[in-house]
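Letter by letter, the chains look like this.
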There are 2 protein chains.
Amino acid sequence: MRPPTIRDVADRAGVSKSLVSLVLRGTGQVRPEKREAVLRAVRELGYRPNAAARSLSEQRSRTVGVLLNDLRNPWFVDLLDGLNSLLHAGGLHMLLADARLSRRTGGRLTGPFLDLGVDGLVVVGTLPDPTVLGAVAERLPVVVAGAREPAPAGVDLVAGDDEAGARLATEHLIRLGHRRIAHIAGHGAVGELRRRSFEATMRAHGLADRALVEPGDMTEEGGYRSAVRLLGRPDRPTAVFAVNDIASVGVLSAAGELGLRVPGDLSVTGYDNTSIARLRHVWLTTVDTAPHEVGHRAARFLLDRFERPGGAGRVHLATPTLKIRGTTAPPREPGG
Amino acid sequence: MRPPTIRDVADRAGVSKSLVSLVLRGTGQVRPEKREAVLRAVRELGYRPNAAARSLSEQRSRTVGVLLNDLRNPWFVDLLDGLNSLLHAGGLHMLLADARLSRRTGGRLTGPFLDLGVDGLVVVGTLPDPTVLGAVAERLPVVVAGAREPAPAGVDLVAGDDEAGARLATEHLIRLGHRRIAHIAGHGAVGELRRRSFEATMRAHGLADRALVEPGDMTEEGGYRSAVRLLGRPDRPTAVFAVNDIASVGVLSAAGELGLRVPGDLSVTGYDNTSIARLRHVWLTTVDTAPHEVGHRAARFLLDRFERPGGAGRVHLATPTLKIRGTTAPPREPGG
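Residues numbered from 1 in each chain as written. Chains lettered and ligands numbered in written order. Predicted model: local features only at pLDDT ≥ 70, side-chain atom pairs only at ≥ 80, totals over all residues. Heavy atoms only, no water.

Undergrad: What is the right way to read the relation of the copies chain A and chain B from this model?
TA: Both copies of the chain are related by a screw-like operation: a rotation about an axis and a shift along it. Superposition of chain A onto chain B requires a rotation of 180 degrees combined with a translation of 0.0 Å along the rotation axis, giving an RMSD of 0.1 Å. These values place the two chain copies in the arrangement generated by a two-fold rotation axis. Among all residues of chain A, the minimum C-alpha distance to the rotation axis is found for Leu96(A), at 2.3 Å. Most of the interface of chain A is mirrored in chain B, where 100% of its interface residues are also at the interface. (Least-squares fit on C-alpha atoms with pLDDT ≥ 70 in both. Contact = heavy atoms within 4.5 Å.)

If you want it as structure tokens, here you go:
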């Protein structure tokens, strides 16, 4: 069986060869229904343009580079699923690189991608120096996903709405009857947005003077240490909202060591709905950041930039939801 | 400041330009000390050959593709560290792809790497169909890391020694005084090697009739269900050795629900020394598989294949060590 050709795709989609070519290059004005028909035919036939030949003639590799800030923390996995699903439908492959490994060895973060001639770049999470993206964005489309630092000019940004998520977590605890509520904070733009929203929500419920904020570093160990300080206070909180799931796991450990039962003596909520929060052994109430939607929208922005290069950066914030699991319950003394 | 040239590298290393070129291409007979001098000069000067020009003239991209079997389970992170450290010293970049995502979207697993012209391929973990690697290995160097299925001809394999690791875990429990010991098994070559070694170790200590084996699926939920069955037996075991860390976490949950304290009433050991085992909230006794060494050796094999293409596949098994943490202790009734 011979592999399908561009002619087979055109026949199946009921369009001309040159229109197929336009769609595959992602350039030109193509009506959405025509583009969908072409992409469907590509998928159904399993059409694979010869990449080398195509790359020479079109200056396109049909590959998107994905730069992850740190592979060790797999919060980004569902985001990649969403990203991949739409990119693949557009005939694009994803290749990944780990910014932490590149930093450790002193390499340029985006070097390998640029050398290989990727068509676009998706940055997942916060980079130590986001300004490097500005220069890259002058050469090819760049989208940032899952970070809240202001993006350089011409770079799109997609992330979860941290203010809405922190409000959900805080209001859940307030509705359960908690009043002395602590927040274990984090760093960076995400840490600041979540902390501010916690404080604003407590204020809005007349609980400004019952709100405690303890700094943290977004690690399990940091969450543990912050919790030991908080739970040793004479006016110890009955609930803790930690900036992320992994810090929450540190809170659970501290509570266990101090003989406090969760959720009987202490309610705990996290943020991110990572695989750790879903472990039966942890079963953490947490905020789901709609990562699949974030990834999908990031892919959409990137595909849009292929069709219409240039233009100002856009921002999309996905709406989070609360996942109520086993670590939150009403306090023993309501209103305490 | 102009970027360094190949002439600068040659001057600094005290060799000829053509020798630098030989080293960078990874071809030809170059004495180890000369190669080291060149690579040191490359690193110190931050020399970056122009990839496009070089690729055209040398047919090399200086990029290695790394195919991960499933990004969701981050057991491979330390392995990538080891891999990256040596590849980077050789002037090579790593790009990653997730085989699970490619499978889901029906893509060819190795397609994007081959299209972009990577110089070699490292497969991390077990692929659903390892035979696909045989065909790839005819075109470029391939090394498998962290899997134990027999590799196709001409493919090197580096992994932890599962028999030694399972023996370490089992003998640790025996030495603590446990006699009724259960193993929650897994699938694939790794699962079979660990189970067989558990059984052989129990036999060697005259405990063949006290050994229990319960099938599992290497997930937390599977570990939980296996543990519920095991712990509901009238002759319930006093210790469980699970095939991996995540299944062990399921055992911890089952013990908690049944009112058994770990390690007082039940000892638990895992395998892999993942980040989950190191959480203070889990603090699991487990087997460390020397992943950094596995990655480093995989890079060594790949670099060797660049210098001397072809040849039979080699196998290297790294020696595991035991990490004794909080989930193992002597049984309440010794010899019980």
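Undergrad: What's the story with the domain arrangement of chain A in this structure? I'm lost.
TA: By a widespread convention, an interface's size corresponds to the accessible area lost as its parts come together. Residue and element names in this part refer to chain A. Looking at chain A, the domain boundaries give domain 1 (6-49), domain 2 (61-157 + 292-310) and domain 3 (162-289). The centre of domain 2, based on its C-alpha atoms, is set 31 Å off from the matching centre of domain 3. Residue-level contacts link five residues of domain 2 with nine residues of domain 3. Buried surface at the junction of domain 2 and domain 3, both sides included, amounts to about 540 Å², of which 50% is carbon and sulfur. Interface area lost by domain 2 to domain 3 is led by Trp-75, Arg-148 and Glu-149, which between them contribute 68%. At the boundary of domain 2 and domain 3, one finds one salt bridge. Note that Arg-148 is salt-bridged to Asp-162, the shortest N-O span being 2.8 Å. (Domains from an automatic or database assignment. Buried area = accessible area lost by both parts, 1.4 Å probe. Salt bridge = Lys/Arg side-chain N within 4 Å of Asp/Glu carboxyl O.)

Undergrad: Honestly, the pairing of strand 8 (residues 239-242) of chain A in this entry has me stumped. Any pointers?
TA: Residues and elements named next belong to chain A. Where burial is concerned, the two faces of strand 8 agree: the one with Ala-239 and Phe-241 and the one with Val-240 and Ala-242 are both buried. The pairing of strand 6 (residues 181-184) with strand 8 spans four bridges and is parallel. Within strand 8, the residue paired with His-183 across the bridge is Phe-241. The pairing of strand 8 with strand 9 (residues 267-269) spans three bridges and is classified as parallel. (Buried < 20%, exposed > 50% of the residue type's maximum accessible area, 1.4 Å probe, protein only. Helix = DSSP H or I, 4+ residues; strand = E, 2+ residues; numbered from the N terminus. Pairing = 2+ DSSP bridges.)

Undergrad: Teacher, can you tell me more about the sheet that holds strand 9 of chain A here?
TA: Within a sheet, adjacent strands bond to each other through the backbone by hydrogen bonds, running parallel or antiparallel. All names here are of chain A. Across the sheet, four strands lie side by side as 7-6-8-9; this open sheet has parallel pairing. Each end of this open sheet is capped by a strand with a single partner; those strands are strand 7 (211-214) and strand 9. For this sheet the average axis-to-axis angle between neighbouring strands, irrespective of direction, equals 20 degrees. Alignment of strand 6 against strand 7, held across four bridges, turns out to be parallel. The partner of Ile-184 across the bridge, within strand 7, is Glu-214. Contacts between helix 9 (residues 162-176) and the sheet are confined to strand 6, strand 8 and strand 9, with strand 8 contributing the most and set at about 170 degrees to the helix. (Axes fitted to C-alpha atoms, helices over the stretch in contact; angles between N-to-C directions.)

Undergrad: Can you help me understand the pattern of salt bridges in this one?
TA: Opposite charge on two side chains allows them to pair when their charged atoms are near. Residue and element names in this part refer to chain B. Applying the stated rule across the entire model yields 43 salt bridges over all chains. A salt bridge links Arg-233 to Asp-235; the shortest N-O distance between them is 3.1 Å. Overall, the relative accessible area of 31% leaves Arg-233 in the partly exposed class. For Asp-235, a relative accessible area of 33% corresponds to the partly exposed category.

Undergrad: What is the right way to look at the packing of helix 5 (residues 77-89) of chain A against helix 13 (residues 291-307) of chain A in this model?
TA: A pair of packed helices can be characterised by two numbers: the angle between their axes and the separation between those axes. Residue and element names in this part refer to chain A. Axis separation between helix 5 and helix 13 bottoms out at 6 Å; the angle between their running directions is 40 degrees. Considering how the two elements wind past one another, helix 5 and helix 13 form a crossing that is right-handed. For the pair formed by helix 5 and helix 13, the contact residues are Asp-78, Leu-79, Asp-81, Gly-82, Leu-83, Ser-85, Leu-86 and Leu-87 on the first element and Pro-291, His-292, Val-294, Gly-295, His-296, Ala-298, Ala-299, Arg-300, Leu-302 and Leu-303 on the second. Partitioned by chemical class, the residues of the contact of helix 5 with helix 13 number ten nonpolar, five polar and three charged. (Left-handed = near helix turned anticlockwise from the far one by under 90°. Nonpolar A, V, L, I, M, F, W, Y, C, P; charged D, E, K, R; others polar.)

Undergrad: Sorry, what's going on with the nonpolar core here?
TA: Among soluble globular proteins, nonpolar side chains are generally buried collectively. Formed by 58 residues in total, the largest nonpolar core has its most connected members in Leu80(A) and Leu80(B). When neighbours within four sequence positions are excluded, Leu80(A) is seen to be in contact with Val66(A), Leu68(A), Met94(A), Leu96(A), Leu71(B) and Leu101(B). Ranked by size, the runner-up nonpolar core spans 46 residues in total, among them Leu212(A), Leu230(B), Val268(B) and Ile276(B). (Core = buried A, V, L, I, M, F, W, Y, C linked by side-chain atoms within 4.5 Å.)

Undergrad: So what exactly am I meant to see when it comes to the sheet that holds strand 6 (residues 181-184) of chain B here?
TA: Residue and element names in this part refer to chain B. The sheet built from four strands is open, its strands ordered 7-6-8-9 with parallel pairing. At either end of the open sheet lies a strand with only one pairing partner, and these are strand 7 (211-214) and strand 9 (267-269). The average angle at which neighbouring strand axes cross in this sheet is 20 degrees, direction not considered. Strand contacts of helix 9 (residues 162-175): strand 6, strand 8 (239-242) and strand 9, with the helix running at about 170 degrees to strand 8, the strand carrying the most contacts.

Undergrad: Explain the environment of Ala169(B) here, please?
TA: Residue and element names in this part refer to chain B. Here Ala-169 shows up in helix 9. Sequence separation between Ala-169 and Thr-131 is 38 residues, and the spatial gap between their C-alpha atoms is 32 Å. Leave out the neighbours within four places in its chain, and Ala-169 touches Phe-241, Thr-269, Val-287 and Leu-322.

Undergrad: What am I meant to see in the interface of chain A and chain B here?
TA: Taken together, the contacts link 43 residues of chain A with 43 residues of chain B. Across the salt bridge formed by Asp81(B) and Arg100(A), the nearest N and O atoms sit 2.8 Å from each other. Across the chain A-chain B interface, the total number found is 13 residue pairs in polar contact (both at pLDDT 80 or more). Residues of the side of chain A that touches chain B, tallied by class, amount to 21 nonpolar, ten polar and twelve charged. (Polar contact = N/O pair within 3.5 Å; in protein donor to acceptor, adjacent residues only side chain to side chain.)

Undergrad: What is the right way to look at helix 1 (residues 6-13) of chain B in this model?
TA: Turn by turn, an α-helix covers 3.6 residues, leaving residues three or four places apart pointing in a common direction. Of all the residues in helix 1 of chain B, the buried ones are Asp8(B), Val9(B), Ala10(B) and Ala13(B). Taken from the residues just after helix 1 of chain B, Gly14(B) is the one with a positive phi, measuring 70 degrees.

Undergrad: For this particular structure, what's the right way to read the packing of aromatic side chains?
TA: Given two aromatic rings, one states the distance between the centres and the angle between the planes to describe the pair. According to the stated counting rule, one finds six aromatic pairs over all chains in the structure shown. Ring geometry for Phe241(A) and Tyr271(A): centres 6.5 Å apart, planes at 35 degrees, overall tilted. Remark: Tyr271(A) occurs in the loop between strand 9 and strand 10 (286-288) and Phe241(A) occurs in strand 8; sequence separation between them is 30 residues. Judged on exposure class, the residue Phe241(A) and its partner Tyr271(A) are both buried. Considering the side-chain rings of Trp75(B) and Phe76(B), the 6.2 Å spacing of their centres and the 80 degrees angle between planes classify their relative orientation as edge-to-face. Judged by its relative accessible area of 23%, Trp75(B) falls in the partly exposed class. (Phe/Tyr/Trp six-rings, centres within 6.5 Å; stacked < 30°, edge-to-face > 60°.)

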